[in-house]
Amino acid sequence: MSARTGAEVSVPVLRDFGGGAFGIYVHVPFCATRCGYCDFNTYTAGELGSSASTQSWLDGLRGELATAAEVFDGLPSATPQVSTVFVGGGTPSLLGGDGLASVLDAVRAHFTLADDAEVTTESNPESTSPEFFARIRAAGYTRVSLGMQSAAEHVLRVLDRTHTPGRAVAAAREARAAGFEHVNLDLIYGTPGERDADLDASLDAVLDAGVDHVSAYSLIVEDGTALARKVRKGELPAPDDDVLAARYERIDARLSAAGLTWYEVSNWAGSDAAACRHNLGYWDGGDWLGAGPGAHSHVGGVRWWNVKHPARYADRVARGGLPSAGWEALTEQERYTERVMLAVRLRTGLPLTDLDASGLRAAERVIADGLATRARNRLILTDRGRLLADGVVRDLLL
C-alpha cells in the first residue's frame, strides 16, 4: 500500500476511473445531540462553538465539488454520470428541506446526474415533517433512510436516542405520502436490556409502516464512545454473541415472511428496485466521491479521506485544492482482499473466478462446512454462513 499523509503529500494522485458505477456521498457533520454508541465524525452545536456553521460547511461543500470536478476533468476517461447521491451524517435533516435542496443543487452544478439517479438522504425522525418530505421530494430526492433503532423507549434511552418510539413510523408514512416510493428504516439489535418482546415490537412497527427496505445492525461497542465507557465500568453488559445471532435469525424470519429479502447480510428489500444502489456501488467496488468533513473517496483504486473538523475543512477548501488529509493507492492484494470481504456479504455472492488458488481451496472447505453453497459459479452464504460471515471471509483470505 502506498499511503500518504500530511499537508505536503495529502493531494491524491489519480490515474483514471475504474469503469464501474460512480456515486457521490455528502457528509453532513451536524447533530442535535450525540448518541452514546456513535463514533461517526459528528459535532453538536456545543462542540463546534463559533468555529463552524452550516453556511461555512455548505460553502466548503460547493468549493470541494467544484475542485473535484476539475480534477476529474483531467483524467483520461470522461467523468461518468452520477448514478447515485447519498447524503449522510450526522443528521442531514437538521439542514431542513431548503438546505438539502441546496446540497443537491451544489452537486448538479458540477456533475451530471443520470436520468434515473437514486438520491438518498438520511433523516432523524424528530427533525422531519410532511412539509420537509414534500420539499425534498420536489427537489429531486428519491429515497429516504430513517433512523428508528428500536420501538422500545428503554432501549432508545440506553442508545441516547432522542426521538419518541412512534415517531419513526409516522415519519415513514409521511415520506410515502409525499411521494417517496423507497423508504428505509434502520434498526439496531442487541442493545443491553433489549428483550425478545422489544425486538418483536420493533419489527411489528417496521412492517406496519409499510417501508420497502430495512437495515438491521447488531450493536457494536466502539472505543471512545459513551457506551464503551459504561460497558468498561460495568454499568452495562457487553452485547452477547449468542443473543445477537438469535436476534438476527428472528429479524430475518420476520422480514422474509413479510416479503423483504436479504440482499446484503444486514439489508433487506421488498424488490430489486428497493435495494440501495448507492451502497451496492460500495460493495461492488465502484467509484465514489466523498465530499464533506471526514468523507472518504475511491476512484480507480486510489482512496483518500478529508480532514475531519468542519472549521478546518472549510479553511482547507477556501485555500484551494482538495481538503484531503491523506491518500493511498491500493495494491492488487489489497484490492483482492476488499473484493472478497465485500462481495461475500451479498446475496449474489462472490464469483469463484475472482478467487486465487488458495481462496478456491478455502471455498471448498466453506461449502463442506455448510456455510456457503455454489450456484452459477458463485459462492453464496447459507443462512448459517450469514451468521459467521466474518469468519468465512477470514477463511477465504488465509
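Note that the structure is predicted; figures quoted are calculated from it, not measured. (Residues numbered from 1 in each chain as written. Predicted model: local features only at pLDDT ≥ 70, side-chain atom pairs only at ≥ 80, totals over all residues. Heavy atoms only, no water.)

Novice: Explain the overall build of the chain to me, using residue names and the numbers behind them.
Specialist: Of regular secondary structure, the chain possesses 15 helices and 16 strands. The C-alpha atoms of the chain give a radius of gyration of 21 Å, which matches the 21 Å a tight globule of 398 residues would have. Projecting the C-alpha coordinates of the chain onto the three principal axes gives extents of approximately 55 × 50 × 45 Å. Summarising the internal contacts of the chain: among those between residues at least 6 apart in sequence, 72% fall at separations of at least 24. Counting every atom, the chain has about 17000 Å² of accessible surface; 50% of that belongs to carbon and sulfur. Between the mean site of the 39 positive side-chain charges and the mean site of the 52 negative ones, the chain shows a separation of 1 Å. (Helix = DSSP H or I, 4+ residues; strand = E, 2+ residues; numbered from the N terminus. Rg over C-alpha atoms; globule rule 2.2 N^0.38 Å. Contact = heavy atoms within 4.5 Å. Areas by Shrake-Rupley, 256 points an atom, 1.4 Å probe, with all protein chains shown as cover. Lys, Arg positive; Asp, Glu negative; His and termini not counted. Charge placed at Lys NZ, Arg CZ, Asp CG, Glu CD.)

Novice: So what's going on with the side chain of T121? Residues and values would help.
Specialist: By the element assignment, T121 lies in strand β4 (residues 113–123). Overall, T121 belongs to the buried group, its relative accessible area being 0%. Discounting residues that sit within four places of it in the chain, T121 has contacts with V87, P92, L100, I136, Y141, R143, V144 and S145. (Buried < 20%, exposed > 50% of the residue type's maximum accessible area, 1.4 Å probe, protein only.)

Novice: I'd like a description of the pattern of salt bridges, backed by residues and values.
Specialist: Enumeration according to the criterion identifies 19 salt bridges in this entry. The salt bridge partner of E194 is R247, with a shortest N-O separation of 2.8 Å. Residue E194 is found in the loop between β6 (182–189) and α7 (196–209), and its partner R247 is found in helix α9 (residues 241–257); the two are separated by 53 residues along the sequence. Given a relative accessible area of 8%, E194 falls into the buried group. On the accessibility criterion, R247 (6% relative accessible area) is buried. For R303, the salt bridge is made with E338, and the minimal N-O distance between the two is 2.5 Å. Placement of R303 in strand β12 (residues 302–306) and of E338 in helix α12 (residues 332–343) is noted, with a sequence separation of 35 residues between them. Taking relative accessible area as the criterion, R303 reaches 15% and is therefore assigned buried. Its relative accessible area of 28% is what places E338 among the partly exposed residues. Through salt bridges with shared partners, a single network forms among E194, D196, D200, R247 and R250. (Salt bridge = Lys/Arg side-chain N within 4 Å of Asp/Glu carboxyl O.)

Novice: Please provide a residue-by-residue account of the packing of aromatic side chains, values included.
Specialist: Scanning the entire structure with this criterion turns up 12 aromatic pairs. Relative to W57, the ring of F30 has its centre 6.1 Å away and its plane inclined at 80°; by these criteria the two rings are edge-to-face. With F30 in the loop between β2 (22–28) and α1 (45–48) and W57 in helix α2 (residues 54–73), this residue pair connects regions lying 27 residues apart in the sequence. The residues F30 and W57 share a single accessibility class, namely buried. Stacked on the ring of F180, the Lys or Arg R137 has its end atom at 5.6 Å from the ring centre. (Phe/Tyr/Trp six-rings, centres within 6.5 Å; stacked < 30°, edge-to-face > 60°. Lys NZ or Arg CZ within 6 Å of the ring centre and 35° of its normal.)

Novice: Let's hear about the sheet that holds strand β15 (residues 372–375): which residues, and what values?
Specialist: Pairing in this open sheet of 3 strands is antiparallel, and the strands run β14-β16-β15 from one edge to the other. Looking at strand neighbours, the two that pair on one side only are β14 (350–351) and β15, the edges of this open sheet. Pairing between β14 and strand β16 (residues 378–381): 2 bridges, direction antiparallel. In the sheet register, P351 faces β16, and the bridge partner there is R378. (Pairing = 2+ DSSP bridges.)

Novice: Summarise the pairing of strand β5 (residues 143–149); cite the residues concerned and give the values.
Specialist: β5 sits mainly inside the fold: 7 of its 7 residues count as buried. Of the two faces of β5, the one carrying R143, S145, G147 and Q149 and the one carrying V144, L146 and M148 are both buried. The sheet contact formed by β4 and β5 spans 4 bridges and is parallel. Bridge pairing links T121 to V144 in β5. Bridge count for β5 against β6 is 6 bridges, and the pairing is parallel. Along β6, the bridge assignment pairs S145 with N184.

Novice: Give a description of the packing of α12 against helix α15 (residues 389–397) that names residues and reports values.
Specialist: Helix packing geometry: the angle between the two helix axes and the distance between the axes. Here α12 crosses α15 at 145°, and the two axes come no closer than 9 Å. Like other packed secondary-structure pairs, α12 and α15 cross with a definite hand, here right-handed. Together, Y336, T337, V340 and M341 of α12 and V393, L396 and L397 of α15 make up the contact between the two elements. Of the residues that constitute the contact of α12 with α15, the class distribution is 6 nonpolar, 1 polar and no charged. (Axes fitted to C-alpha atoms, helices over the stretch in contact; angles between N-to-C directions. Left-handed = near helix turned anticlockwise from the far one by under 90°. Nonpolar A, V, L, I, M, F, W, Y, C, P; charged D, E, K, R; others polar.)

Novice: If you had to explain the nonpolar core to someone new, which residues and values would you point to?
Specialist: Nonpolar side chains in soluble globular proteins generally cluster together in the buried interior. W57, F72, F111, Y141 and L396 are the most contacted members of the largest nonpolar core, which has 95 residues in total. Top contributing element to this core by residue count: α2, with 7 residues. Excluding anything up to four places from it in sequence, F111 contacts F22, I24, L65, A68, A69, F72, T79, V82 and L289. Of all hydrophobic cores here, the second largest spans 11 residues; its members include C38, V155, V158 and L219. (Core = buried A, V, L, I, M, F, W, Y, C linked by side-chain atoms within 4.5 Å.)

Novice: Provide a residue-level description of helix α4 (residues 130–139), including the pertinent values.
Specialist: Within α4, burial applies to F132, F133, I136 and A139. For α4, the angular spread of the buried residues around the axis is 125°, confining them to a single face. More than 90 degrees from the buried face of α4, the exposed residues found are E131 and A138. Positive phi appears at G140, one or two residues downstream of α4, with a value of about 120°. (Arc of directions from axis to C-beta.)

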